[in-house]
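Report on the structure
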2 protein chains.
Amino acid sequence: MRDLLAFTSELGDIPTFADPTRIKQRSRDFYWYSPRLKPIFDEVLADLVVLPRTEEEALTAIKFCFKHNVPLTVRGTGTGNYGQAMPMKGGVVLDMSDITGIVWMKPGSVRVKAGTKIHDLEAAANAQGQEMRIFPSTRRAATIGGFIAGGSGGVGAANWGLLRDRGNILAARVLTMEENPRILELRGDDIQKVNHAYGTNGIITEVEIPLAPAYDWIDTVITFDDFGTAARFGQALVESPGILKKTCALLPSPVPQSYFKSLKPYIGEGKHSIFSLVAPHSFEALLELVEDRGGEVVYRKSQSEVEAEKAIPLYEYTWNHTTMWALKHDKSITYLQTFFPAGQNVELVQKMNEHFGDEVMHHLEFVRSGGGFTCFGIQLVRYTTDERLDEIMAFYEEHGCAQFNPHAFTLEEGGMKEVDLVQLDFKRESDPKGLLNPGKMLAWEDPSWTAAKDKTYLYAAG
Amino acid sequence: MRDLLAFTSELGDIPTFADPTRIKQRSRDFYWYSPRLKPIFDEVLADLVVLPRTEEEALTAIKFCFKHNVPLTVRGTGTGNYGQAMPMKGGVVLDMSDITGIVWMKPGSVRVKAGTKIHDLEAAANAQGQEMRIFPSTRRAATIGGFIAGGSGGVGAANWGLLRDRGNILAARVLTMEENPRILELRGDDIQKVNHAYGTNGIITEVEIPLAPAYDWIDTVITFDDFGTAARFGQALVESPGILKKTCALLPSPVPQSYFKSLKPYIGEGKHSIFSLVAPHSFEALLELVEDRGGEVVYRKSQSEVEAEKAIPLYEYTWNHTTMWALKHDKSITYLQTFFPAGQNVELVQKMNEHFGDEVMHHLEFVRSGGGFTCFGIQLVRYTTDERLDEIMAFYEEHGCAQFNPHAFTLEEGGMKEVDLVQLDFKRESDPKGLLNPGKMLAWEDPSWTAAKDKTYLYAAG
Ligand SMILES: Cc1cc2nc3c(=O)[nH]c(=O)nc-3n(C[C@H](O)[C@H](O)[C@H](O)COP(=O)(O)OP(=O)(O)OC[C@H]3O[C@@H](n4cnc5c(N)ncnc54)[C@H](O)[C@@H]3O)c2cc1C
Ligand SMILES: Cc1cc2nc3c(=O)[nH]c(=O)nc-3n(C[C@H](O)[C@H](O)[C@H](O)COP(=O)(O)OP(=O)(O)OC[C@H]3O[C@@H](n4cnc5c(N)ncnc54)[C@H](O)[C@@H]3O)c2cc1C
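Quick summary incoming for the structure in this document. Computed from a prediction, not measured in an experiment: that's the story for all the values here.

Overview of the site of ligand 2
Residues and elements named next belong to chain B. Taken together, 38 residues sit near ligand 2, with V74, G76, T79, T143 and G153 positioned nearest. Contacts to ligand 2 include T77, whose backbone N or O atom sits 3.0 Å from an oxygen atom. I204 is positioned with one of its backbone polar atoms (N or O) 2.9 Å from a nitrogen atom of ligand 2. Protein chains shield 97% of the accessible area of ligand 2, which is 970 Å² for the free molecule.

Below, the structure is given as structure tokens:
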């Protein structure tokens, strides 16, 4: 594919680069979080990075790849952590981060170009008293297109559920990988075709998402003496209809004490913490719940104080950021992603926490899910061997706690996305040559592949 | 107590009236909804109506009653439906509806004087892009103080739960009935002392409540061929985290067809309807759910269209308004209030619906409750005898469906409020002579009274 460079003049004045440093930089994401993905992806490199500034230029790049049979892997800012944005078969990385800007905004919704940084989108929405319903903890770095194509949930899920839930994405404008690429406007359930599809079946150029009212959320840390009390508090908080909060995470001892430098002074030895962003007008009600449950508020800072003091926002210690901070301190740490079934989740996390002891630190994110409220585990694991990691995951599965394996890079094995016939048909139509992000969709790579019947998917087939 | 009129000069220029027509008018509420309450309250009359314009004047009226040992029953606009605002022992009715106005408003909350009409409060909030979290279907008539002292939930409960839930009332300013009345600022859990207390333990002069963002909600009616499908749809809608709605009511056949004149043209014979107010940016997602479940959207009108056309807002067919429309057409109808336990509620309503057939029409309000979502029944009953009404209620109770008896006038027998020692102590302190709304608190009238151990209360003791 080296000869690809001979044709780049066909791309006109669309910015491209092929120097090894920048090629390497734009061919990477956070795959190295996983000791299993690391060796698989370490050598993966694009041949060319293309940086379209408009949808027109993106279309030109698509036609170019189609004509020369070159794989095309779309990229936002590469904050994914399963190698999603990495060009396994080389070819072009289509960096979307220059296609930016708000198309329109109104009360309750916004339409935005896919390469817009979430941070910039939030700033524009805030200026109108609005904000995103759900944002990833990579808010300051990630693009909105990358979030929808590669993410699943985040801060706000305590109120709004996950990206998969109807109504949390309103529309996506998508370019197909064909000789004459089509521009599709996907709305309603059709959005699921490209939601969490890793850019395997189209290039998103615009998205429309709902907005919620913005408040001066209060970063709050509440500590408890024991894990079970903290877990029950987390559940009670996420269940409290009248206490408006954006997130509710359990960070057990010794996670913040060992890995969160800026918060260490606030959190006592051995204490288990709840991290929450609470609306100012719900803070008094929160305090009543804290008192009821024997907790202690050890840290509180409003978003405006966080900004003024340039403090680290609390959400940057939650979701997958927890793993990041742990890895910064201890390279031997790895992680799990576990969905605890609603109704039994508090019992189950206590049971698992006791069973695994120090080996697994139960970082939990409480979320609204289905007809109730549960928690999603992004546990930190003291990694020893591959066999042991499998054993751990199997133990959770045996106890009814679904694993979304973060040590797999295909949509299906990650376990979040069940690729069904609708998806596969859409892929056949939108990418007949299979050039989009090759290697990431099992159902495409191996037509004989089928999911285990009893597997739980976050994005289940319709 | 007739000689009371001899002392009215002590009230200075505070407006009062004692003419029979207006006395009668201000001594009434919607007690006549219940065939049992009707004979009990038919003759109830105040001796004097006092209309303070300020908190100062309310204090003067309190001192006047304390000095002369005159019962004082507070009143908003008398839309309660259990005789709550009716002066069982005569005396003064303190009409709060002239103590009005916004004290302050900010993003997420408002402080307002107790006699303010909810309609006016909403108009002021709307001007800032805000609105109440929860309002009663009597929004156009009721006062905010009366809602908090006499109501329990309403439109918005699908998102925010009920008034009892922590965070849904932020503060209440309360005057005690003493020689030297105190002015209390109740915040946090202390608010529960006066929430749904029928004005038996203090006079609320100001309340602080949270606000939510205002949208141009779309009044939507969706019809289904059978009751079970409609019930399952209602449950699915209230459970959908990404579809923002304010209310979700099931109006079974033949309720709208027989009693809702303005909607009759839209709703087919035998169809079972879901009435919902949906955010405009969630409407497409709603349509997907409707399609999934085989429903049909037969009516949609945004709030601005409703206003422009002076149409009857959809919420005026929900909550206790359903009962009102039915009674307008058929005096023999009465009603129940039932809390179906979350988790089994859809099964149970189907079972009860089958069991009672035409005798009980299962009007349901789907709400957020505890750790999940369930429905609250405000069923219409074709009344025959008192014995049969008891039998019906007993049948629900036997099947685990708690009754909040709308045919009782005390806090405890209505079953919503469990009067515990905290409440009773507060009453002793705030109203030592027992002059406030006498007759409505069983625990006060009869100190030997205790609740049945297995009774479910909407406002359970802490
Ligand atoms: C520290 C850390 C914390 C994280 N926290 C969260 C979290 O809270 N919630 C969460 O869901 N995820 C989280 N993630 C994962 C990731 O950050 C998010 O998914 C993020 O939003 C991805 O955005 P991005 O712009 O970096 O996308 P990239 O990583 O560049 O791409 C992600 C995937 O989307 C595809 N893609 C990108 N842009 C487009 C497009 N325009 N059209 C089609 N496909 C496209 C790529 O091909 C790739 O498969 C976290 C990751 C890290 C490292
Ligand atoms: C058609 C209809 C529909 C209804 N729908 C709903 C509904 O959706 N949700 C709901 O919760 N209720 C509902 N109700 C009941 C009632 O309308 C509400 O509770 C309403 O908000 C009461 O307000 P009000 O100003 O009319 O109070 P009133 O009826 O005047 O008083 C209600 C109670 O509060 C006390 N009170 C009033 N003001 C004060 C004060 N300032 N300080 C202390 N005590 C005070 C009174 O003594 C009385 O006990 C409905 C009733 C009807 C008739």
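A short note on the pairing of strand 8 (residues 171-175) of chain A
All names here are of chain A. The buried fraction of strand 8 amounts to 4 of the 5 residues, a majority that puts the element mostly inside the structure. Note that strand 8 and strand 9 (residues 183-187) share 5 bridges and pair antiparallel. Its bridge partner lying in strand 9, A172 is registered against L186. Relative to strand 10 (residues 203-213), strand 8 is paired through 5 bridges, and the arrangement is antiparallel. Bridging across to strand 10, A172 finds its partner in V207.

Considerations on the relation of the copies chain B and chain A
Placing chain B over chain A gives an RMSD of 0.0 Å and needs a rotation angle of 180°, together with 0.0 Å of translation along the axis. In symmetry terms, the pair is related by a two-fold rotation axis. In terms of C-alpha distance to the rotation axis, chain B has G372 of chain B as its closest residue, with the C-alpha 2.3 Å off the axis. Taken together, the interface assignments show that 98% of the residues at the interface of chain B recur at the interface of chain A, consistent with an identical surface on both copies.

Concerning the pairing of strand 18 (residues 364-369) of chain B
Residues and elements named next belong to chain B. The element strand 18 is extensively covered by neighbouring structure, given that 6 of its 6 residues are classed as buried. Of the two faces of strand 18, the one carrying L364, F366 and R368 and the one carrying E365, V367 and S369 are both buried. Looking at chain direction, strand 12 (residues 245-251) and strand 18 are connected through 2 bridges and run antiparallel. Within strand 18, the position partnered with L250 by the bridge is L364. If you look at the hairpin formed by strand 18 and strand 19 (residues 372-377), you'll find 2 residues sitting between the two strands, and G370 has a positive phi there, around 55°.

Let's talk about the site of ligand 1
Residue and element names in this part refer to chain A. Close contacts around ligand 1 come from 37 residues, with V74, T79, T143, S152 and G153 the closest. Contact between ligand 1 and T143: an oxygen atom at 2.7 Å from a side-chain N or O atom of the residue. For ligand 1, whose unbound accessible area comes to 960 Å², protein coverage reaches 98%. If one sorts the elements of the shell around ligand 1 by residue count, helix 5 (residues 144-150) sits on top with 5 residues. A class-by-class count of the residues in the shell around ligand 1 yields 15 nonpolar, 21 polar and 1 charged. Mapping the shell around ligand 1 onto the domain boundaries places at least three of its residues in each of domain 1 (102-213) and domain 2 (218-403).

The rules behind these values
Within each chain, residue numbers correspond to sequence positions counted from 1 in written order. Each chain gets a letter, beginning with A, and each ligand a number, beginning with 1, in the order they are written. The model is predicted, so local features are restricted to residues of pLDDT at least 70 and side-chain atom pairs to those at 80 or more, both for listing and for counting; the totals for chains, interfaces and linings are taken over all residues. For the side-chain quantities, the full set of heavy atoms in the structure was used; hydrogens and water were omitted. Being near a molecule or strand, for a residue, means having at least one of its heavy atoms within 4 Å of it. Two N or O atoms count as a polar contact when they lie within 3.5 Å, although within protein this holds only if one can serve as hydrogen donor and the other as acceptor, and sequence-adjacent residues are included solely when both atoms are side-chain atoms. Computed by Shrake-Rupley with a 1.4 Å probe, the accessible areas treat only the displayed protein chains as cover when residues are assessed. A simple rule labels every residue: compare its accessible area, found with a 1.4 Å probe on the protein chains alone, to the largest value its type can have, and call it buried under 20%, exposed over 50%, or partly exposed in between. Helix numbering and strand numbering both begin at the N terminus, where a helix is a DSSP run of H or I of at least 4 residues and a strand a DSSP run of E of at least 2. Any two strands with at least two DSSP-identified bridges between them are counted as paired. A residue counts toward the fit only if its pLDDT is at least 70 in both copies, and the copies are then superposed by least squares on the C-alpha atoms of those residues. Contacts are assigned to residue pairs that have any heavy atoms within 4.5 Å of one another. In this classification, the charged set is Asp, Glu, Lys and Arg, the nonpolar set is Ala, Val, Leu, Ile, Met, Phe, Trp, Tyr, Cys and Pro, and all remaining amino acids, among them Gly, are polar. Domain delimitation in this document rests on an assignment produced automatically or drawn from a domain database.

By themselves, these are just geometric observations and shouldn't be taken as functional.
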